[in-house]
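Architecture at a glance
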Amino acid sequence: MPAPDPLGAALDAALTGEPVGIAVSGGSDSMALLVTGIAQGRTLRAVTVDHGLRPEAAEEADQVAAFCDGAEVPHDTLQLHLEDGADLQARARQARYAALTEWARAHDLPVVLLGHTADDVAETLLMRLARGTGIDGLARMPARSGTAPTFVRPFLDLTRQRLRDHLTDLGIGWIEDPSNDDSRFERVRIRQHMQALDLDPLPLARSASALAEASRSLDLRAHDLAQCNLSVDGPDVLMPLDAVRHLLETEREQLRRLLAGAMAWIADRPRGPDLARLLGALEGEDRKWTLAGCLGTRERDALRLTREAGTCPPPELGADIWDRWHIDGPVSPTTSVGALGEDIARTPWRESGLPRASLLATPAIREQGELIAAPLAGMANGYGARLRGAPKPFT
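Heads up: these notes are all about the structure in this document. Please read these numbers as outputs of a predicted model, since none were measured by experiment. (Residues numbered from 1 in each chain as written. Predicted model: local features only at pLDDT ≥ 70, side-chain atom pairs only at ≥ 80, totals over all residues. Heavy atoms only, no water.)

**With respect to the pattern of salt bridges**
- One pass over the full model with this rule turns up 30 salt bridges.
- Between Arg-187 and Glu-123 there is a salt bridge; the shortest N-O distance is 3.2 Å. With Arg-187 in helix H8 (residues 186-196) and Glu-123 in helix H5 (residues 118-130), this residue pair connects regions lying 64 residues apart in the sequence. Like Glu-123, Arg-187 is buried.
- For Arg-304, the salt bridge goes to Asp-233, with nearest N and O atoms at 3.0 Å. Of this pair, Arg-304 sits in strand S11 (residues 302-307) while Asp-233 sits in strand S7 (residues 231-233), and the two are 71 residues apart along the sequence.
- Its relative accessible area of 7% is what places Arg-304 among the buried residues. (Salt bridge = Lys/Arg side-chain N within 4 Å of Asp/Glu carboxyl O. Helix = DSSP H or I, 4+ residues; strand = E, 2+ residues; numbered from the N terminus. Buried < 20%, exposed > 50% of the residue type's maximum accessible area, 1.4 Å probe, protein only.)

Encoded structure:
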């Protein structure tokens, strides 16, 4: 009886029969993914992303294209133009995903396969541990993420060495990217430390998987708490002070999640240190504070979170969408939409029932610089403003 094929089993578990794209760099991880898909007779289209950082990358893309041609798999090369410098790997990753998304949509591919392995999971875990990251950041990357296309990572439970052994058994080579030995990059340094300490990536990857399950459980609990304790008041999020005090004493992590979700919806996703400062402020006696683009106000019986007016995006001409808002009403090329700001003095804002500070960051419609409407501040004049989406804890 032949030995079971863990690569094929992983691919079967991740996919149905839909056509798929495969991101192939020529490295062992993506080559193992490609040959497994070919062996299964799947409908495939391959793509190689050349970041434009190494002259050898174009030749490597040609090698992948030649392999695909021999296997009768359509192949495309996407040429990017990145500059070397700070945060190179993060910028390259962001540009790569954007290019893959555009490519998949152009070819009507609902799924794109990525060759991440247990080694990638373990390396990411250690990198984030070194930064003091919390549970969510330590959790394993998802096996599936995104829509149109969905990025699928079927090999997260397999090591890089297991994939290389498979290719060696088949007599298929792969390309070694010299940047994988460049100690300028944090991931490379972590990989080298793991090798020096003889750390097995699989147990580390299993820990990251367990943390992902814990993160999902905490999110479910946060969702339930949000239904009971968070409410939307115009542009703001309110939380009873009794609930704040109770969670500070009993479930600080859940309070952190609730506040992080609300603040991300209002302004921008806060960082861990931001949330630590916020919890400290809530334990103190301060009545107001600003943090991560949000203004927090301790009212008589509630915590109010609102957008800090100074962090709003600039006005936009001829746009019916601005910041978190969708504008209803006539918008011409000369009509601008931006923050109300000090023009609030020209509105009957007290009739709205909302605090002045909350209204400063709400939409104002102007024609050639003159205020013509502020829908939330009691000056509609035929315009309306609707929030786009809901705070994360509600979703």
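**A few points about the environment of Trp-322**
- Along the polypeptide, Trp-322 turns up in strand S13 (residues 321-322).
- Here Trp-322 is in contact with Cys-312, Pro-313, Pro-314, Pro-315, Glu-316, Val-337, Gly-338, Ala-339, Ala-361, Thr-362 and Pro-363, once residues within four sequence places are set aside.
- Reaching out from Trp-322, the side chain makes a polar contact with the backbone oxygen of Pro-314 at a distance of 3.2 Å. (Contact = heavy atoms within 4.5 Å. Polar contact = N/O pair within 3.5 Å; in protein donor to acceptor, adjacent residues only side chain to side chain.)

**Observations regarding the packing of aromatic side chains**
- The tally for this structure, following the rule as stated, stands at one aromatic pair.
- Judged by centre distance (5.0 Å) and plane angle (80°), the rings of Tyr-97 and Phe-151 are edge-to-face. Of this pair, Tyr-97 sits in helix H4 (residues 88-106) while Phe-151 sits in strand S6 (residues 150-152), and the two are 54 residues apart along the sequence.
- Given a relative accessible area of 22%, Tyr-97 falls into the partly exposed group. (Phe/Tyr/Trp six-rings, centres within 6.5 Å; stacked < 30°, edge-to-face > 60°.)

**Looking at the sheet that holds strand S15 (residues 335-339)**
- The strand order across the open sheet formed by four strands is S12-S15-S16-S17, and the pairing between neighbours is antiparallel. Two strands lie at the open edges of the sheet, namely strand S12 (316-317) and strand S17 (370-373), each paired on one side alone.
- With two bridges connecting them, S12 and S15 associate as antiparallel partners. By the bridge assignment, Glu-316 is partnered in S15 with Val-337. (Pairing = 2+ DSSP bridges.)

**Re H4**
- Between its first and last C-alpha atoms H4 spans 27 Å; for 19 residues at 1.5 Å apiece the expected length is 27 Å, and the two agree.
- Three or more residues of H4 are buried, namely Leu-88, Ala-92, Ala-99, Leu-100, Thr-101, Trp-103 and Ala-104.
- Lining the buried residues of H4 we find strand S1 (20-23), strand S2 (44-50), strand S3 (75-79), strand S4 (111-113) and S6.
- Remark: Asp-108 follows H4 within two positions and exhibits a positive phi of approximately 55°. (Expected span 1.5 Å × (residues − 1).)

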